[in-house]
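# Fold and contact review
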Amino acid sequence: SIGLRGDGCEANTLEEAGTARADLFVAVTDRDADNLVACQIAKHRFKVPRTVARMSDLKNEPLFKRLGVDVTVSSTILILQYIESQTSKPPLLTRLAVLRGSDREIVDVRIPPTSAVVGKKIRDISLPQNSLVILLIRQDERIQLPTSTTALEAGDRLVVVGDRASEEGLHRALTGS
């Protein structure tokens, strides 16, 4: 195996590792400060376009984002997501992505059988302002590009782009809870 021993917070070590040729830099030590510094050096000295950092303390996320770390990975969040995925009842709304530089997000909403929207066409549903249904996944996993006349069925999943502030309203509108 090939390896390099050194301090990832030192530019000389990163240079020797070939960081200048990287399209992506990932820092995964157990120290948030080291991961942040390594990402900063990779991005600003070696012009790496995308950086990913492991983050132990969730309170550090705003700082990581403000200083340009593109993606943060929290072992705490990963563990919670795993626990949630192992429960018998899948969540009705799952955040897929937050669109960087905006207050928008992409969410996956599962339509339960008890929802008032079952049987309704998309145009007849009162979605929060600035929400757009971009994809429909039927219960049998068929993927469709929905139109305003697409009728919803129990078990459908809708992929929706919307404002983060309206997530609760979207959840209520589509699931009835």
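You'll find the structure just up there.
In short, a report on the structure. Note that this is a predicted model, so its numbers are computed, not measured.

Summing up its helical and strand segments, the chain has five helices and eight strands in all. Listing the helices and strands of the chain from first to last along the sequence gives α-β-α-β-α-β-α-β-β-β-β-β-α. In terms of C-alpha radius of gyration, the chain reaches 21 Å, well past the compact-globule figure of 16 Å for 177 residues. Taking the principal axes of its C-alpha atoms as reference, the chain extends roughly 60 × 30 × 30 Å. The buried share of the chain, taken over its 177 residues, is 34%. Within the chain, residue pairs in contact and separated by at least 24 positions form 55% of the contacts whose partners lie at least 6 positions apart. Carbon together with sulfur atoms contributes 53% to the accessible area of the chain, which is approximately 11,100 Å² in total. Distance between charge centres in the chain, computed from 24 positive and 23 negative side chains, equals 4 Å.

This part takes up unusual backbone geometry. In the Ramachandran plot, K47 falls in the positive-phi region, its phi being about 60° despite a non-glycine side chain. Within the fold, K47 resides in the loop between α2 (32-44) and β2 (50-55). A positive phi angle, near 75°, is found at E141, a position not held by glycine. Among the structural elements, E141 can be located in the loop between β6 (132-137) and β7 (143-144). Residue classification places E141 among the exposed positions, given a relative accessible area of 53%.

With that out of the way, let us pick up the nonpolar core. Side chains of nonpolar character tend, in soluble globular proteins, to be buried together. The biggest cluster of nonpolar side chains holds 15 residues, and the ones touching the most others in it are F25, C39, F64 and V69. Looking at this core, the elements that each hand over two or more residues are α1 (11-16), β1 (24-27), α2 and β2. Looking at which element gives the most residues to this core, the answer is α2, with five residues. Other than its neighbours up to four places away in sequence, C39 contacts F25, A27, T51, V52, A53 and V69. Counting residues in each nonpolar core, the second largest holds 14 residues, with I122, I125, V133 and L158 among its members.

Reading the values: rules and limits
- Residues numbered from 1 in each chain as written.
- Predicted model: local features only at pLDDT ≥ 70, side-chain atom pairs only at ≥ 80, totals over all residues.
- Heavy atoms only, no water.
- Helix = DSSP H or I, 4+ residues; strand = E, 2+ residues; numbered from the N terminus.
- Rg over C-alpha atoms; globule rule 2.2 N^0.38 Å.
- Buried < 20%, exposed > 50% of the residue type's maximum accessible area, 1.4 Å probe, protein only.
- Contact = heavy atoms within 4.5 Å.
- Areas by Shrake-Rupley, 256 points an atom, 1.4 Å probe, with all protein chains shown as cover.
- Lys, Arg positive; Asp, Glu negative; His and termini not counted.
- Charge placed at Lys NZ, Arg CZ, Asp CG, Glu CD.
- Core = buried A, V, L, I, M, F, W, Y, C linked by side-chain atoms within 4.5 Å.

Without other data, these values stay purely geometric and don't point to any function.
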